[in-house]
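A structural walkthrough
Spelled out, the chains give:
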Amino acid sequence: MRIRKAVIPAAGFGTRMLPITSAVAKELLPVNGRPVIEHVVKEAVQAGIKEVILVLSEGKEAVADYFRPNKRLADQLLKNGRHAELEELERIWDLAKITVVYQNEQKGLGHAVLCAKDAVGNEPFAVLLGDSIIQTDNCHSFTQQLIDAFNKYERSVVGVQEVEECLIHRYGIFEGAEFEDGILHGKRLIEKPDQSATDSNLAFCARYVFTPTIFSLLENTGQGVNNEIQLTDGMQKLLEKEGVNGVTLEGERFDIGDPKGLLYANLSIMDFNCGDELG
Ligand code: UTP
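Residues numbered from 1 in each chain as written. Predicted model: local features only at pLDDT ≥ 70, side-chain atom pairs only at ≥ 80, totals over all residues. Heavy atoms only, no water.

Quick notes on the pattern of salt bridges
For the structure on display, the rule yields 18 salt bridges. When the shortest N-O distance is used, the salt bridge between Glu38 and Lys42 registers 2.8 Å. Taken together, the residues span about one helical turn, with Glu38 and Lys42 both in helix 1 (residues 36-46) at a distance of 4 residues. In terms of burial, Glu38 and Lys42 fall into one category: buried. Across the pair Glu51 and Lys97 runs a salt bridge whose closest N-O atoms are separated by 3.9 Å. Here Glu51, found in strand 4 (residues 51-56), pairs with Lys97, found in strand 5 (residues 97-102); they are 46 residues apart in sequence, far enough to count as distant. (Salt bridge = Lys/Arg side-chain N within 4 Å of Asp/Glu carboxyl O. Helix = DSSP H or I, 4+ residues; strand = E, 2+ residues; numbered from the N terminus. Buried < 20%, exposed > 50% of the residue type's maximum accessible area, 1.4 Å probe, protein only.)

Right, dumping it as structure tokens:
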């Protein structure tokens, strides 16, 4: 089935990146000269996504503005004969249809996804966290890989990546078994478990494809870890109802919601050598 829509949750406060995030959304910070959000939207577009639903909160409107035509700037560039710059901007403005929904209170990632329910409607959709850039070893869109797995097995999927055992307590963790090269059958999904509570070191890596069933399950999901409505808790219910597969990431995830992650992403600039793939 064609996946046409992607939800990008980007409503978080970004407290790990303070003080800059008191005024500038972390999704607009540059990696390789481009805002993080542009890398994320491009990964979705490369996977055939036509509509991107940005989940924002008050004060983060500039994340959406980045994708909207700026007529005054366009006129000025045209007047000064700066055609190359204008064409570049127009490519960004034309990337995808951008829809904005608001999360009025930061109640957690599960709640942020739920805010996109009406905009998505009754069809499967991708989720890409707005503060994570994924670079695959083969330069192909990781979201495309997830969509391929979704279509092959008609089952929701989550991207997973091995993490050091001492970091397990920071992530959503996937327990399951590989049944095809790089594809795992999910058995249990747990948010931020103690290392001793799981024998898996496979962490979710910021990319998902869901059937719309996730929405009704999230509507009935209460607060979990850190008193937030956790996407992982909704996903566990989805696993019990319809099954959830995992797709192993062959490549790197840059979490730019953390100062070291942003620095690391920029230092890895030489590796962002995917030509037009990442622009
Ligand atoms: P994070 O917890 O990494 O982002 O959520 P945060 O809340 O912005 O960061 P800190 O911990 O305060 O530094 C992962 C993703 O989920 C989104 C965030 O914007 C980020 O893309 N999110 C999180 C929401 O959209 N709404 C929420 O209520 C929570």
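Here's the deal with the environment of Thr221
Turning to its location among the elements, Thr221 is positioned in the loop between helix 8 (213-219) and helix 9 (231-242). Sequence-wise, Thr221 and Thr232 are 11 residues apart; in three dimensions their C-alpha atoms are separated by 10.0 Å. Apart from the residues lying within four places of it in its own chain, the contact partners of Thr221 are Ile229, Gln230, Asp233, Gly234 and Lys237. Engagement of the side chain of Thr221 in a polar contact is seen with the backbone oxygen of Leu217, the distance being 2.7 Å. A polar side-chain atom of Thr221 sits 3.2 Å from a polar atom in the side chain of Lys237. (Contact = heavy atoms within 4.5 Å. Polar contact = N/O pair within 3.5 Å; in protein donor to acceptor, adjacent residues only side chain to side chain.)

Regarding unusual backbone geometry
That bond from Leu18 to Pro19 is cis: its omega, 10°, falls within 30 degrees of zero. With respect to the secondary-structure elements, Pro19 resides in the loop between strand 1 (5-9) and strand 2 (30-31). Residues other than glycine seldom take positive phi values, yet Cys139 does so here, at roughly 65°. With respect to the helices and strands, the residue Cys139 is situated in the loop between strand 7 (132-136) and helix 7 (142-153).

Digging into the site of the ligand
Around the ligand lies a shell of 18 residues, among which Thr15, Arg16, Lys26, Gln103 and Gly108 are the nearest. In this structure, Pro9 approaches the ligand through a main-chain N or O atom, which is 3.0 Å from an oxygen atom. Contact between the ligand and Lys26: an oxygen atom at 2.8 Å from a side-chain N or O atom of the residue. The fraction of the free accessible surface of the ligand (560 Å²) that becomes covered by protein chains is 82%. Taken together, the residues of the shell around the ligand sort by class into 6 nonpolar, 7 polar and 5 charged. (Near = heavy atom within 4 Å. Areas by Shrake-Rupley, 256 points an atom, 1.4 Å probe, with all protein chains shown as cover. Nonpolar A, V, L, I, M, F, W, Y, C, P; charged D, E, K, R; others polar.)

Re the packing of aromatic side chains
Taken as a whole and judged by the stated rule, the model has 7 aromatic pairs. Arranged with centres 5.0 Å apart and planes meeting at 85°, the rings of Tyr153 and Phe179 form a pair that is edge-to-face. Taken as a pair, Tyr153 in helix 7 and Phe179 in strand 9 (residues 172-180) lie far apart in primary sequence, 26 residues in all. Residue Tyr153 is classed as partly exposed on the basis of its relative accessible area, which comes to 27%. Through a chain of ring-to-ring contacts, the aromatic side chains of Phe125, Phe204, Tyr208, Phe210 and Phe215 assemble into a single cluster. (Phe/Tyr/Trp six-rings, centres within 6.5 Å; stacked < 30°, edge-to-face > 60°.)

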